[in-house]
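So you can see what is in the structure, the chains are spelled out below.
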Amino acid sequence: SGAGLEYATISVFAGEGTTPVGGAVANERGEFAAEQLPLGPLRVRIGYLGYADTTLRGITLTPRAPERLLPTIRLGASAPTTEEVQVTAQRAAVE
């Protein structure tokens, strides 16, 4: 619908690292600010339940440009899962 996704999670990684160096949660308009990020190349991953994660690359912070305003980010619907789940329970014996 193009509406912002409140509570979308944002994870920021240095380069191709696997440990986040920062992150945030989107506000009611889908906006976020990640603070105290390191300078250098960054990768930003945005996720929201029911949507496919989106990763932005090519973001670099420098001493001359320590902040970046990102464009509008659109998330696509995730594929439905069709895994089977089996639930079992035991009942107490009636005396």
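Conventions adopted
- Numbers given to residues run from 1 along each chain, matching the order in which its sequence is written.
- In keeping with the model being predicted, local features are shown solely for residues with a pLDDT of at least 70 and side-chain atom pairs are shown and tallied solely at 80 or more, while totals for entire chains, interfaces and linings include all residues.
- With hydrogens and water set aside, each side-chain value is computed from the structure's full complement of heavy atoms.
- Following DSSP output, two strands are said to pair if at least two bridges run between them.
- Here a helix means four or more residues in a row that DSSP labels H or I, a strand means two or more in a row labelled E, and each is numbered from the N terminus.
- All axes here are fitted lines through C-alpha atoms, helices being fitted over the stretch that makes contact, and every angle between N-to-C directions spans 0 to 180 degrees.
- Each residue's exposure class comes from its accessible area (1.4 Å probe, protein chains only) as a fraction of the maximum for that residue type: buried when under 20%, exposed when over 50%, partly exposed otherwise.
- When checking whether two residues touch, look at their non-hydrogen atoms; a contact exists if any pair is within 4.5 Å.
- We call a set of buried residues a nonpolar core when its members are Ala, Val, Leu, Ile, Met, Phe, Trp, Tyr or Cys and they connect through side-chain atoms within 4.5 Å of each other.
- The salt bridge criterion pairs a side-chain nitrogen of Lys or Arg with a carboxyl oxygen of Asp or Glu, the two atoms within 4 Å.

> Talk me through the pairing of strand 4 (residues 54-61); I want residue IDs and the actual numbers.
Pairing geometry for strand 3 (residues 40-47) and strand 4, over six bridges, is antiparallel. From the neighbouring strand, Pro41 faces strand 4, where its bridge partner is Thr60. Remark: six residues form the turn of the hairpin made by strand 3 and strand 4, two consecutive strands paired antiparallel; Gly50 in that turn has positive phi of roughly 90 degrees.

> So what's going on with the sheet that holds strand 1 (residues 9-14)? Residues and values would help.
Spatial ordering of the open sheet is given by 2-1-3-4, a layout of four strands whose pairing is antiparallel. At either end of the open sheet lies a strand with only one pairing partner, and these are strand 2 (20-25) and strand 4. Ignoring strand direction, the axes of neighbouring strands in this sheet form an average angle of 25 degrees. Across five bridges, strand 1 lies against strand 2 in antiparallel orientation. Among the inter-strand pairings, Thr9 is bridged to a residue of strand 2, identified as Val25.

> Please give an account of the environment of Pro41 that cites residues and values.
Relative to the helices and strands, Pro41 resides in strand 3. For Pro41, a relative accessible area of 53% puts it in the exposed group. Separated by 21 residues in the primary sequence, Pro41 and Thr62 have C-alpha atoms spaced 8.8 Å apart. What Pro41 contacts, discounting residues up to four positions off in sequence, is Phe13, Ala14, Gly15, Ile59 and Thr60.

> Report on the nonpolar core, specifying residues and quantitative values.
A general tendency of soluble globular proteins is for nonpolar side chains to be buried together. By size, the foremost hydrophobic cluster in this structure holds 13 residues, and its most contacted members are Ala8, Ile10, Val12, Val44, Ile46 and Leu56. Elements represented by at least two residues in this core include exactly strand 1, strand 3 and strand 4.

> An account of the pattern of salt bridges is needed here, citing residue identities and associated values.
Any two side chains of opposite charge can pair if their charged atoms end up close together. Under the definition given, this model contains four salt bridges. In this structure, Glu28 engages Arg29 in a salt bridge whose closest nitrogen and oxygen atoms are separated by 3.1 Å. Three or more residues are tied together by salt bridges with common partners; here these are Glu16, Arg43 and Arg57.

> Break down the pairing of strand 3 for me, with residues and values.
Most of strand 3 is tucked away: six of the eight residues are buried. One ladder, built from six bridges, connects strand 1 with strand 3; its direction is antiparallel. Pairing of Thr9 across the sheet is with Gly47, part of strand 3.

> With reference to specific residues and values, describe the side chain of Ser11.
Along the chain, Ser11 falls in strand 1. In this structure Ser11 touches Gly22, Gly23, Arg43, Val44 and Arg45, once residues within four positions along its chain are discounted.

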